[in-house]
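If you want the building blocks of each chain, they are given just below.
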Amino acid sequence: NFSILVDSLYFIDKDGYFINALNTSDKEEYKNIFLLKIHSGTDSMHYILNKILIFIPNSIYTVKAINTILTFTSIILLGKILSNYTSTNYFLIFFITINCIPSFNIFSTDISKDGLILFFVSLFFYRASKIKNLIIIFELLFYCLIMYFIRKWISAICLVTLIFFVFLFYILN
């Protein structure tokens, strides 16, 4: 609700993610995913949102709601990692603190790269904390690939972390 209020006062779809996502199906460079000539994370977001809009109504507020759900899921995943290593009280403190940060609420619930990248980073670390076999490693590589199209530098950090996790996994076994 706060994000919608901010949008109504200042801007709607500030970077054109929603409008451009609707229009990407008309562009030739978005026709084949394997030949995709994506040059920036913004172009990737247009493509990803275009594919999401196949399954949901073409409404900016529906996309914002999905982004908010992804952000909320990210908080829960990060909190579950924290709760594995600490007591339950720390999870509650983390949950309340992260939800009180205004910039976190505004930028990660808006239609932008932030909410999606936060979701994949938290999913990456949650699944990395559960490495038990080679299939999870391939899953983590897939998350790194998705993050690469959105934010290359975050993908590189996660890839280095994955190498560390794999190295640690095989040493412990």
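1. Let's talk about the side chain of serine 155
Assignment of secondary structure puts serine 155 in helix H9 (residues 152-172). The exposure class of serine 155 is buried, given its relative accessible area of 7%. A distance of 2.8 Å separates the side chain of serine 155 from the backbone oxygen of cysteine 144, its partner in a polar contact. Not counting residues up to four positions away in its chain, the partners in contact with serine 155 are Cys144, Met147 and Tyr148.

2. Quick word on the packing of helix H8 (residues 134-150) against H9
Axis separation between H8 and H9 bottoms out at 7 Å; the angle between their running directions is 165 degrees. As far as their axial angle goes, H9 and H8 are roughly antiparallel. Remark: the crossing between H8 and H9 carries left-handed chirality. Packed against H8, whose contacting residues are Leu134, Ile137, Leu140, Leu141, Cys144, Met147, Tyr148 and Ile150, the element H9 presents Lys152, Ile154, Ser155, Cys158, Leu159, Leu162, Val166 and Tyr170 at the interface. Residue composition of the contact of H8 with H9, grouped by class: 14 nonpolar, 1 polar and 1 charged.

3. Topic: H8
The terminal C-alpha atoms of H8, which comprises 17 residues, lie 25 Å apart, in line with the 24 Å expected from a rise of 1.5 Å per residue. By the burial criterion, the buried members of H8 are Ile136, Ile137, Leu140, Tyr143, Cys144, Ile146, Met147 and Ile150. Elements that come into contact with the buried residues of H8 comprise helix H3 (41-52), helix H7 (113-128) and H9. Of the residues that open H8, the one with a side-chain oxygen 3.3 Å from the backbone nitrogen of isoleucine 135 is asparagine 133.

4. Brief notes about the nonpolar core
Core analysis: the largest hydrophobic core is formed by 36 residues, its most contacted members being Phe124, Leu140 and Met147. Within the residue set of this core, elements represented by two or more residues are helix H2 (17-23), H3, helix H4 (60-85), H7, H8 and H9. The biggest single contributor to this core is H7, with 9 residues.

Quick notes on the rules
Residues numbered from 1 in each chain as written. Predicted model: local features only at pLDDT ≥ 70, side-chain atom pairs only at ≥ 80, totals over all residues. Heavy atoms only, no water. Helix = DSSP H or I, 4+ residues; strand = E, 2+ residues; numbered from the N terminus. Buried < 20%, exposed > 50% of the residue type's maximum accessible area, 1.4 Å probe, protein only. Polar contact = N/O pair within 3.5 Å; in protein donor to acceptor, adjacent residues only side chain to side chain. Contact = heavy atoms within 4.5 Å. Axes fitted to C-alpha atoms, helices over the stretch in contact; angles between N-to-C directions. Parallel < 35°, antiparallel > 145°, perpendicular 65-115°, else oblique. Left-handed = near helix turned anticlockwise from the far one by under 90°. Nonpolar A, V, L, I, M, F, W, Y, C, P; charged D, E, K, R; others polar. Expected span 1.5 Å × (residues − 1). Core = buried A, V, L, I, M, F, W, Y, C linked by side-chain atoms within 4.5 Å.

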